[in-house]
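A closer look at the structure
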Amino acid sequence: MRVAARAGALLPRRSDWTRADPRRDPTAGVMVGLVALPLALGFGVSSGLGAAAGLTTAVVAGALAAVFGGSRVQVSGPTGAMTVVLVPIVAAHGTDGVLVVGLMAGLLLVGLGYAGAGRVIRYVPVPVVEGFTIGIAAIIALQQLPTALGVDVRSDHVLGLAARSVEGFVRDPHWVAVALTTAVVVAVLAVARLRPTWPGALVVVVAATVANSVLALGAATIGALPSGLPAPSLPTVPVSDLQSLLLPAIAVAALAALESLLSATVADGMAVGERHDPDRELVGQGIANLASPLFGGLPATAAIARTAVNVRAGAVSRLASLTHAVFLLVVVLVAARWVAEIPLAALAGVLIATAVQMVRVSSLSALVRSTRGDAVILVVTATATLVFDLVTAVILGLVVAGFVAIRQTAQTARLQETPFDEADHGHHSAEERALLDDHVVAYRLEGPLFFGAAHDFLLELSDVSDVRVVILRMSHVTTLDATGAHVLADTISRLEGRGITVLLSGVRPEHERVLRELGVHDQLADARHLFATTPDAIAHARDHASRGRRDS
């Protein structure tokens, strides 16, 4: 019963369409379609599967994600980040490998959504996100160098590809391709700055195509597109290859989840009253990735730039995203002949301009200036994205971010000696001055006592000298883990081995459970050295000091 209820909560419902606006949504959808057209073509070519695959992805994945996704204004399709992941898969396994990876990634995404993993995205630090965004932008730009320089080279790694492209250009320069690509980059960036509401990439690509045809520049074209969508097909990858495709499928699913949920979060901030369902968004992206490869498309994800255009164009419901997909379908069915005339160099220029726009200088500058730790996380993630792959980069970024967080948290832990007038709520008597004369001191522990800070605490406290009784005030300890408890027990043993009595006061109930499980609590309780309040501990210290004076 619970399984059915959970599945039902992740399916489309009638309320998804109650806010649809027949005037604003279709207009916004067409605007997004105009922006998405050159990007879909470019990412399809860049992936190695061709322009038709990019358009197919935008149509199929765009429509299904609009219906099944968790955001009303999200737009999905081929993206630069996904292309970066797919290039080595296409090179090693061909189109059937991409199909299998898409199907496996789709199943993983649906499973993640059903398991409620959508909310995990909130734990990914901003420097990690910005770092791999920079890395992706660099990879997208470098991947366009062969086309932009007019050379035909291949390499398994983007840095090697860039180096070979430059070498090939030096041996045999092709200035026409360079000029066309440069002109497109400059024009796209200029239109985006001067007329941000225009579909600048489409306008510039159309102009470049006309110029190429009229002047017969000889720049390569994308090749003829099909007159319709390819028929669904099943993979022919041998079963023995499935194991080798599992890791790429996990990478595709992780990227689709990360990018889609980040995009949905951005959309929430841009649209009034918008709040996406992260688990349903994962399911929607999973369904889109199950279907897109079957029609010859790529694995897809939500696109932040296209989603932003959709919101700015006035979209208020899923109808806008669905219209975007229908518009691109019409292009595939009707305008394939004209699309086939677009020069590859022009699409390379669009993608390089897109890569430039992905890097937000103000955001990066703020992160670098904020803390040294954030700057390190950003640089490590960006470098790992460029040198290794996206999944490795995110893992390394999270590891470094965890280390930085532990270090910063450990630095908040303090061991501070407190005067008895403070410990006893302001009552400073002659008897308490006698306690000081009898070498009774109190220390207040503040912050977390965990594996990152516990050993510093041990070294500092174990060095106390000329003391008979130590009172440890524990009420300000925020965290106590097993390592902290073990170090605390070790510290107490060392002090008592030197004849110093240790009293604990104000231990929180949740910390008391940790001490009890590790045997520290029972040891202190038996010796009557565990107290609810600091005044009780002081009273016991007073009696202990009095007995010591009488014995002496």
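Per chain, residue numbering runs from 1 following the sequence as it is written. With pLDDT at 70 or above as the cut-off, local features in this predicted model cover only qualifying residues; side-chain atom pairs require 80 or more to be listed or tallied, and sums for whole chains, interfaces and linings still use all residues. Computation of side-chain values: all heavy atoms of the structure, hydrogens and water removed.

1. Regarding the overall build of the protein chain
Quick reminder of the rule: Segments assigned H or I by DSSP are reported as helices when at least four residues long, segments assigned E as strands when at least two residues long, and all are numbered from the N terminus. Each residue's exposure class comes from its accessible area (1.4 Å probe, protein chains only) as a fraction of the maximum for that residue type: buried when under 20%, exposed when over 50%, partly exposed otherwise. The contact definition used throughout considers only heavy atoms, calling two residues in contact when any of these lie within 4.5 Å. The protein chains shown are the only cover counted for residues, whose accessible areas, like all others here, come from Shrake-Rupley with a 1.4 Å probe.
Summing up its helical and strand segments, the protein chain has 25 helices and eight strands in all. Here the protein chain, with 552 residues, has 49% of them falling under the buried criterion. The contacts of the protein chain with a sequence gap of at least 6 include a subset with a gap of at least 24, amounting to 84%. Total accessible area on the protein chain stands at roughly 25,400 Å², and carbon and sulfur atoms take up 62% of it.

2. Description of the pairing of strand β4 (residues 440-449)
Basically, it comes down to this: The pairing criterion for strands is at least two bridges between them, as found by DSSP.
For β4, a buried count of ten out of ten residues is recorded, marking the element as mostly surrounded by other parts of the structure. Strand direction decides the pairing type here: strand β3 (residues 414-418) and β4, joined by five bridges, are antiparallel. Across the sheet, Gln416 pairs through a bridge with Arg444, a residue of β4. As defined by bridge partners, β4 adjoins strand β5 (residues 469-473) across five bridges and the pair is classed as parallel. Among the inter-strand pairings, Tyr443 is bridged to a residue of β5, identified as Leu472. Bridge analysis of β4 against strand β6 (residues 477-480) gives three bridges, and the strand direction is parallel. Looking across to β6, one finds that Pro448 is bridged to Thr479.

3. Quick notes on the pattern of salt bridges
Put simply, the rule reads: Just to be clear on terms, a salt bridge is a Lys or Arg side-chain nitrogen sitting within 4 Å of an Asp or Glu carboxyl oxygen.
For the structure shown, the criterion picks out seven salt bridges. Arg444 is paired through a salt bridge with Glu446; the nearest N and O atoms lie 2.8 Å apart. The exposure class of Glu446 is buried, given its relative accessible area of 13%.

4. Topic: the confidence of the model for the protein chain
Under the convention used in this document: pLDDT is a residue-level measure of predictor confidence that goes from 0 to 100.
Considering every residue of the protein chain, the mean pLDDT works out to 83; 88% of them sit at 70 or more. Per-residue pLDDT stays below 50 along residues 424-428; that stretch engages in ten contacts with residues further than four places along the chain or on separate chains.

5. Let's talk about the nonpolar core
Nonpolar side chains in soluble globular proteins tend to end up buried together. What counts here: Residues enter a nonpolar core if they are buried and are Ala, Val, Leu, Ile, Met, Phe, Trp, Tyr or Cys, with the set joined through side-chain atoms within 4.5 Å.
Within the largest apolar cluster, 77 residues are counted, with the highest numbers of intra-cluster contacts made by Leu41, Phe132, Val184 and Val252. Among the elements that make up this core, the one with the highest residue count is helix α4 (residues 80-115) (twelve residues). The next biggest cluster of nonpolar side chains, apart from the first, holds 26 residues, and it includes Val464, Val470, Ile492 and Leu515.

6. Here's the deal with the packing of α4 against helix α11 (residues 278-291)
Note the cut-off: Orientation is described by lines fitted to C-alpha atoms, with helices fitted over the stretch in contact, and by angles between N-to-C directions that extend from 0 to 180 degrees. For classification purposes, an angle smaller than 35 degrees is called roughly parallel, one larger than 145 roughly antiparallel, one from 65 to 115 roughly perpendicular, and anything else oblique. Throughout, a crossing is termed right-handed when the near helix is turned clockwise from the far one, and left-handed when it is turned anticlockwise from it by less than a right angle. Each residue is assigned to one class: nonpolar for Ala, Val, Leu, Ile, Met, Phe, Trp, Tyr, Cys and Pro, charged for Asp, Glu, Lys and Arg, and polar for all the others, Gly among them.
Remark: α4 packs on α11, axes separated minimally by 7 Å, with the N-to-C direction vectors making an angle of 160°. By the angle between their directions, the pair α4 and α11 is classed as roughly antiparallel. Taken as a pair, α4 and α11 cross one another with a handedness that is left-handed. Where α4 approaches α11, its residues Gly102, Leu103, Gly106, Leu107, Leu109, Val110, Leu112, Gly113 and Tyr114 are matched on the opposing element by Asp279, Leu282, Val283, Gln285, Gly286, Ile287, Asn289 and Leu290. Across the contact of α4 with α11, the residue classes break down as ten nonpolar, six polar and one charged.

7. Let's talk about α4
Put simply, the rule reads: To estimate the expected span of a helix, subtract one from its residue number and multiply by 1.5 Å. One axis fitted to the seven residues ending at a residue, another fitted to the seven starting there: the angle between these axes is the bend at that residue.
Given a rise of 1.5 Å per residue, 36 residues ought to cover 52 Å, yet the end C-alpha atoms of α4 are separated by just 28 Å, more than 12% below that figure. In α4, a bend of some 125° at His93 exceeds every other bend along the element. Positive phi shows up at Gly116, right after α4, with a value of about 80°.

8. So, the pairing of strand β7 (residues 501-505)
With five of five residues buried, β7 is to be regarded as a mostly interior element. Residues Thr501, Leu503 and Ser505 point to one face of β7 and Val502 and Leu504 to the other, with burial holding for every one of them. Inspection of the sheet shows β5 paired to β7 by five bridges, in the parallel sense. Paired with Val469 across the bridge in β7 is Thr501. Here two bridges tie β7 to strand β8 (residues 530-531), and the two strands are oriented parallel to one another. Opposite Leu504, over in β8, you have Leu530 as the bridge partner.

9. Looking at a nonpolar patch on the surface
Stated formally: Only residues whose relative accessible area exceeds 30% and that take part in no salt bridge are eligible for patches, with like-charged residues grouped when within 9 Å of each other and nonpolar side chains (Val, Leu, Ile, Met, Phe, Trp, Tyr) grouped when within 5 Å.
Residues Leu108, Leu246, Leu247 and Ile250 make up a contiguous nonpolar surface patch of about 360 Å² in total accessible area. Sort the elements by how many residues they give to the nonpolar patch and helix α10 (residues 239-270) lands first, with three residues. Tracing the backbone shows Ile250 in helix α10.

10. Some words on the packing of aromatic side chains
The following threshold applies: Working definition: a ring pair exists when centres of Phe, Tyr or Trp rings (six-membered ring for Trp) sit within 6.5 Å. Plane angles under 30 degrees give stacked, over 60 give edge-to-face, the rest tilted.
Tallied over the entire structure, the rule returns one aromatic pair. Taking the centre distance of 5.0 Å and the plane angle of 80° together, the rings of Phe169 and Trp175 count as edge-to-face. Using a relative accessible area of 13% as the deciding quantity, one classes Phe169 as buried.

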